[in-house]
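One-letter residues, chain by chain:
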Amino acid sequence: MATLIPRAAKRLKMSHVATSAGGLVASRPFSAGWHHQQQQQKQASPPSGDEGAKTTHFGFETVPESMKEGRVAGVFSSVASSYDTMNDLMSLGIHRLWKDHFVRSLNPGSPRIPSSSSSSSTTPEPEPWHILDIAGGTGDIALRLLDHATLINHDTRARVTVADINPAMLSAGRARFATSPYTSSSHPRLTFVEANAEKLHSIPDASVDLYTVAFGIRNFTDKARALREAHRVLKPGGVFACLEFSKVNNPLLDAAYKRWSFAAIPLIGQLVAGDRDSYQYLVESIERFPSQVEFRDMIAEAGFLIPGHGWEDLTGGIAAIHKGVKPV
């Protein structure tokens, strides 16, 4: 990149940079029902025939790693057609505010050099941003990224690659952009790619300015491997940015949130989408995701520099934004 400190990293107002941090958050109170499920999960064993296989979690269930990808694929194939509607119902629309804030905090796109600038004839126009949106099949984050680059920074060249492992989710995204100028055949700024975040073979080394993943990384089988792939594909100075459900930091809010999650969301899934089991998995996957401190440390272990203390809580920690910068 042309400048010493690349563009995406410049956008982070880094009060200080830490490469790792120790300590764990204190345990939090859970409902008796959830605690009982946790005890059952801890005692679970892999299905017969898979003894000795490396295991991971699928919600509260322990499964062989080889099974998780297929089971997650089944969940998202089932919910793809109603995914955006269900997000509105499950979060009471707040997910839209979180996503808007997430994109604003990244400020994608290169601001236009004024034509009247005396240096405009000698200053080369910066290369267009290449943004990789992982697990972004429905395209709602990609649309926000392109709109911000275009309308706020007047950058009509920034482009987004949406990568998702699930063909049904990608189909929903393509339908969203069916008549969009961002996918025009003459100058397309948006492409959809079927890809596994843990094995991004189609994405070259050091080719991406900004890597985003919103509400997707908790479903990955090997999160550490996905973080290493993010580090590989980013340019030096490129930014990893993740928006994900996290750990609530207020006991009263936490109790209310647990009750809503485990009682209401699966029921809404059953009534609206005709699919209780998939939404039961989604709320369980939120519980199994690492704490803010643990996930920050995972990002640092993948080789990223951590701006500030490492994350920004949203709505009391129901969701959090994590960022990391690939060293120059």
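Above: the structure in question.
Structural notes, computed from the coordinates.

About the criteria used
Residues numbered from 1 in each chain as written. Predicted model: local features only at pLDDT ≥ 70, side-chain atom pairs only at ≥ 80, totals over all residues. Heavy atoms only, no water. Helix = DSSP H or I, 4+ residues; strand = E, 2+ residues; numbered from the N terminus. Polar contact = N/O pair within 3.5 Å; in protein donor to acceptor, adjacent residues only side chain to side chain. Contact = heavy atoms within 4.5 Å. Phe/Tyr/Trp six-rings, centres within 6.5 Å; stacked < 30°, edge-to-face > 60°. Buried < 20%, exposed > 50% of the residue type's maximum accessible area, 1.4 Å probe, protein only. Pairing = 2+ DSSP bridges. Core = buried A, V, L, I, M, F, W, Y, C linked by side-chain atoms within 4.5 Å.

### Let's talk about the side chain of Gln292
- Within the secondary structure, Gln292 is located in helix H11 (residues 292-301).
- At 3.0 Å, the side chain of Gln292 forms a polar contact with the backbone oxygen of Lys247.
- Here Gln292 is in contact with Ser246, Lys247, Trp311, Asp313, Gly317, Ala320 and His322, once residues within four sequence places are set aside.

### Some points on the packing of aromatic side chains
- Going through the model one piece at a time under the given rule, you end up with seven aromatic pairs.
- Note on Trp98 and Phe245: the rings are 6.0 Å apart at their centroids and 85 degrees apart in plane angle, and the pair reads as edge-to-face. Taken together, the residues Trp98 in helix H5 (residues 94-106) and Phe245 in strand S8 (residues 234-245) connect sequence positions 147 residues apart.
- Connected via pairs of aromatic rings, a cluster forms that spans Trp98, Phe215 and Phe245.

### Quick notes on the environment of Val328
- Within the element layout of this structure, Val328 appears in the segment after strand S11 (319-325).
- Once the C-alpha coordinates of Val328 and Lys235 are considered, the two residues, 93 residues apart in sequence, prove to be 8.3 Å apart.

### Considering the pairing of S11
- Across the seven residues of S11, seven count as buried, placing the element largely inside the fold.
- In the sheet, S8 pairs with S11 via seven bridges, with the strands oriented antiparallel. Bridging from a neighbouring strand, Leu243 pairs with Ile321 of S11.
- In the sheet, strand S10 (residues 311-314) pairs with S11 via four bridges, with the strands oriented antiparallel. Each residue of the ladder has a partner; that of Glu312, found in S11, is Ile321.

### A look at the nonpolar core
- If you look at the biggest cluster of nonpolar residues, it comprises 34 residues, and the most contacted ones within it are Trp98, Phe102, Val160, Leu190, Leu210 and Leu243.
- Those elements that place two or more of their residues in this core are H5, helix H6 (140-152), strand S5 (159-164), strand S6 (190-194), strand S7 (208-214), S8 and S11.
- The element contributing the most residues to this core is H6, with five residues.
- Setting aside chain neighbours within four positions, we find Val160 in contact with Ile131, Asp133, Ala142, Leu145, Leu146, Arg189, Leu190 and Thr191.
- Counting residues in each nonpolar core, the second largest holds 26 residues, with Ala195, Val213, Phe240 and Ala300 among its members.

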